[in-house]
Amino acid sequence: MIRKFLILLLVINVTACAELQEVVSQLPQGGIGNTEIASGLRQALDFGIDKQVTKLTQTDGFYKNELVKILLPQELQKVDKALRDIGLSSLADEGLKVLNRAAEDAVKEATPIFIDAVKGITFADAKHILLGSDTAATQYLTSKTQTALYNKFNPVIKNSFSKVGADEIWSNLINRYNAIPFTSNVNPDLTDYVTDEALKGVFTMIGIEEKEIRTKISSRTTDLLRRVFALQDRS
């Protein structure tokens, strides 16, 4: 009985080894290690900036893109409604538009900041991220760089507010609202808010390109991307 049991264990072990060998044989060859996988992930993120984030820098890049369009914060929704109720809809529309214009201008100025963030990121376990979700690298980039990017991006947003006239328009808009009888005065920090929303938009667009590269072989336009993401395909 013991002999039969040992023979059975041996058969199971041999079968498992054979299956493992089959899996290994299907993986891309050529010694792809953590360093090369990390390079492939960085290239995918770079492509996200080059192909997708640059769309945000165009006129209406934020404003007419429902994925990233910056809407009014909750505190200002009552401002928007009140102004429309007294016939100032065009002013309310302009207020929303210039928030998005400021983000479009700022992303254009700050693109090198995002490129540097990708270059400087280190992947402790690149293979784990490669075999993760469709936007795993973008999520990792977000978690590792968001605070530093915010600190660098915020003054760019502030400058863009002045450049596109958003600060003047919103000063006028808020003053009009505060002058309406029976309303509570508001004084929101729009620079902070737009910085957060613009960063979300940037990461959203980078994630779109990462997903394209992961799911469409035709989007892997370099040898590095083809080699690295082939490993994901066969996992």
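Since the model is a prediction, treat every value here as computed from it, not as a measurement. (Residues numbered from 1 in each chain as written. Predicted model: local features only at pLDDT ≥ 70, side-chain atom pairs only at ≥ 80, totals over all residues. Heavy atoms only, no water.)

Enquirer: How would you summarise helix α3 (residues 74-85) if you had to cite specific residues and measurements?
Expert: Its 12 residues give α3 an end-to-end C-alpha distance of 17 Å, which sits within 8% of 16 Å, the value for a rise of 1.5 Å per residue. Every buried residue of α3 is listed here: L76, V79, D80, A82 and L83. Tucked inside the fold, the buried residues of α3 contact α4 (89-120), α7 (166-178) and α8 (190-215). Positioned one or two residues after α3, G87 has a phi angle of 85°, which is positive. (Helix = DSSP H or I, 4+ residues; strand = E, 2+ residues; numbered from the N terminus. Expected span 1.5 Å × (residues − 1). Buried < 20%, exposed > 50% of the residue type's maximum accessible area, 1.4 Å probe, protein only. Contact = heavy atoms within 4.5 Å.)

Enquirer: I'd like a rundown of the pattern of salt bridges, residues and numbers included.
Expert: Inspection of the entire model under this criterion finds 14 salt bridges. A salt bridge links K81 to D85; the nearest nitrogen and oxygen atoms lie 3.0 Å apart. Note that K81 and D85 are positioned in helix α3 at a spacing of 4 residues, about one turn of the helix. A salt bridge links R214 to E210; the shortest N-O distance between them is 2.8 Å. Taken together, the residues span about one helical turn, with R214 and E210 both in helix α8 at a distance of 4 residues. E210 sits in the buried class, given a relative accessible area of 1%. Each of the salt bridges in this network shares a partner with another, and the network as a whole consists of D60, K64, R101 and E104. (Salt bridge = Lys/Arg side-chain N within 4 Å of Asp/Glu carboxyl O.)

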